[in-house]
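Structure assessment
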Amino acid sequence: MTRQTGRGATSSTPRSVDVARLAGVSQKTVSRVFNSEPYVSADVRRRVLQAAEDLGYRMNNAARALASGRTRSIGVVTLGTALYGPASLLMGIERAVRDTGYALRVVNTMEGDPSGVAGAVGSLLEQGVDGIVVSEPIDEGTSMAELSVDVPVLVIGAPSPFATSRPVTSGGGADLLTRAATQHLLDLGHVTVHHLSGPPRWYAARDRLTAWRAALAARGAPEPPVVVGDWSAASGYAAGRQLAADPSVTAVFAANDDMAIGLIRALTEAGRRVPDDVSVVGFDDIPVAAYVTPPLTTVRQPFDAVAQEGLKRLLHAIENPDEDPLPPSDPPVDLVVRSSTAPPPHR
C-alpha cells in the first residue's frame, strides 16, 4: 500500500522531503521545526506539523540525525592516564553531558604516540559526532597541523592543536590559581619561592611555570632554578632530596599535589621540617591532601565548573552555528590553606 503525499508523488514511508513539499517549505525548515529550533514562525510551524500529521510522518532518531545533520553525540579525546587531573576532568565532562540529551563517545590516547590525537579525532569524525572535546594536555608538536575539523571543537586548558572554523576554549585561569599559591608564600614573608614543575610537554606544566615566574616578577622576588618532575610522588621525592641540600630554600610551589607529598617526605627525612623550615604548596587538592602530615596547603582545581562551562559553550556552538560564541569566564580561585605553610624561619 502506498501513501499519497499530496503533490502526486508516492512513497511507502513518508519522508521529511514529503512534509516539506506538502507544507510548502524547505526541508531545512522541517528539520528546524522537529528539532525545536528558534526563528520559525508560528504559522510555518503549524503548517509543518499539520503536514506531518496528514502524512503520518514520525521522525525517529535516525531520521532526525539525517534531516538535521546532527547525531546528538559528542566525542571526547582524552589522555589514557590515571593521573588525578585528567581523570577528574573526564568525570566532570561525563557529568556535564549527562543531562544534555547528547551521547558521549570517548577515545583514549597514549602519551608519546605522535598520531594519537589526530587518529582519535579522525575516528570521532567518521562516527559523525556533532562536536569534539579535546581534553589532551600534551603538546604533540606538528603532527596535527594539517588536520582540519568542520565541527565545533572545545579544547580544555590548551590552544587548539588543529584548524577548525569554530574553536571553543575552556579551562583557562591556571595563571590565577598559580599566582594565588605563589603570592600566599610571598605574603608569609618568604624571600622567594622555588618551583617543582611538571613535564615540559604538558600545557598544564607550562602554564603553571609561566604564572609562577610572573608572580615572582610582579613582587620583585628573585627567580630560583626550576626543578622538573613527572607529576608522580616519586619525582617529588627526588626533587625534595635535591632541594633539602640547599639551606636557602624556605618555600616551594609544586605543580601538583602528588609531587608536593613526595617532596615533603624527602624534606622530612633530611631533617628539614615542614612548615617550620620549608613551606610547601601543591596544586589540585586531591582527596588525600587534607590527611597527609602535615595537611597540604594547595589550590583547588574546579574540574566540574570547567567542564560545565565548556560544554555549555560547545553546545551553543553546535546548536547556534550562526551566532557568536559565548564568552569565557575566569574560574574561581580557591586557595585551601592548611598546615604545610608558615612564615620563614628566623635567621
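For clarity, every value in this text was computed on a predicted model and none was experimentally measured. (Residues numbered from 1 in each chain as written. Predicted model: local features only at pLDDT ≥ 70, side-chain atom pairs only at ≥ 80, totals over all residues. Heavy atoms only, no water.)

**Comments concerning the overall build of the protein**
Scanning the protein from terminus to terminus reveals eleven helices and 15 strands. Residues counted as buried form 49% of the 347 residues belonging to the protein. Counting contacts in the protein only where the partners sit at least 6 residues apart, residues at least 24 apart contribute 69% of the total. Of the roughly 16300 Å² of accessible surface on the protein, 52% is carried by carbon and sulfur atoms. (Helix = DSSP H or I, 4+ residues; strand = E, 2+ residues; numbered from the N terminus. Buried < 20%, exposed > 50% of the residue type's maximum accessible area, 1.4 Å probe, protein only. Contact = heavy atoms within 4.5 Å. Areas by Shrake-Rupley, 256 points an atom, 1.4 Å probe, with all protein chains shown as cover.)

**Looking at the pairing of strand β13 (residues 279–284)**
Most of β13 sits out of view: six of its six residues are buried. Summarising the sheet, strand β12 (residues 251–254) and β13 pair through three bridges and their orientation is parallel. Residue pairing across strands places Ala251 opposite Ser279, the latter belonging to β13. In terms of handedness, the path from β12 via helix α10 (residues 257–269) over to β13 forms a crossover that is right-handed. Here β13 runs beside strand β14 (residues 297–300); their pairing, made up of four bridges, is parallel. Looking at β14, one finds that Val281 is bridged to Thr297. (Pairing = 2+ DSSP bridges. Right-handed = clockwise from strand over helix to strand, strands pointing away.)

**Some remarks on the sheet that holds β13**
Sheet architecture is open: six strands sit in the order β11-β10-β12-β13-β14-β15, paired in mixed fashion. For this open sheet the edge positions go to β11 (227–228) and β15 (335–336), each flanked by a neighbour on one side alone.

**With respect to the sheet that holds strand β7 (residues 153–156)**
Here five strands make up an open sheet; going across it, the order is β4-β3-β5-β7-β9 and the pairing parallel. Looking at strand neighbours, the two that pair on one side only are β4 (103–109) and β9 (167–170), the edges of this open sheet. The mean inter-strand angle of the sheet, taken between neighbouring strand axes irrespective of direction, is 20°. By the bridge criterion, seven bridges tie strand β3 (residues 73–79) to β4 in an arrangement that is parallel. Residue pairing in the sheet places Leu79 in a bridge with Thr109 of β4. Each of β3, β4, β5 (131–135) and β7 touches helix α5 (residues 84–98); the most contacted strand, β4, lies at about 165° to it. (Axes fitted to C-alpha atoms, helices over the stretch in contact; angles between N-to-C directions.)

**Let's talk about the packing of helix α1 (residues 16–23) against helix α3 (residues 42–55)**
Between two packed helices, both the angle of their axes relative to each other and the distance between the axes serve to describe the pair. Put simply, α1 and α3 touch, their axes get as near as 9 Å, and they point 120° apart. With respect to α3, the axis of α1 lies oblique. Considering how the two elements wind past one another, α1 and α3 form a crossing that is right-handed. For the pair formed by α1 and α3, the contact residues are Asp18, Val19, Leu22 and Ala23 on the first element and Arg47, Val48, Ala51, Ala52, Asp54 and Leu55 on the second. (Parallel < 35°, antiparallel > 145°, perpendicular 65-115°, else oblique. Left-handed = near helix turned anticlockwise from the far one by under 90°.)

**Concerning the pattern of salt bridges**
Taken as a whole, this structure holds eleven salt bridges when the rule is applied. Arg46 is the partner of Asp43 in a salt bridge, and the nearest nitrogen-oxygen pair spans 2.9 Å. Taken together, the positions of Asp43 and Arg46, both in helix α3 and three residues apart, correspond to about one turn of that helix. Taken together, the shared-partner salt bridges connect Asp285, Arg300, Asp334 and Arg338 into one network. (Salt bridge = Lys/Arg side-chain N within 4 Å of Asp/Glu carboxyl O.)

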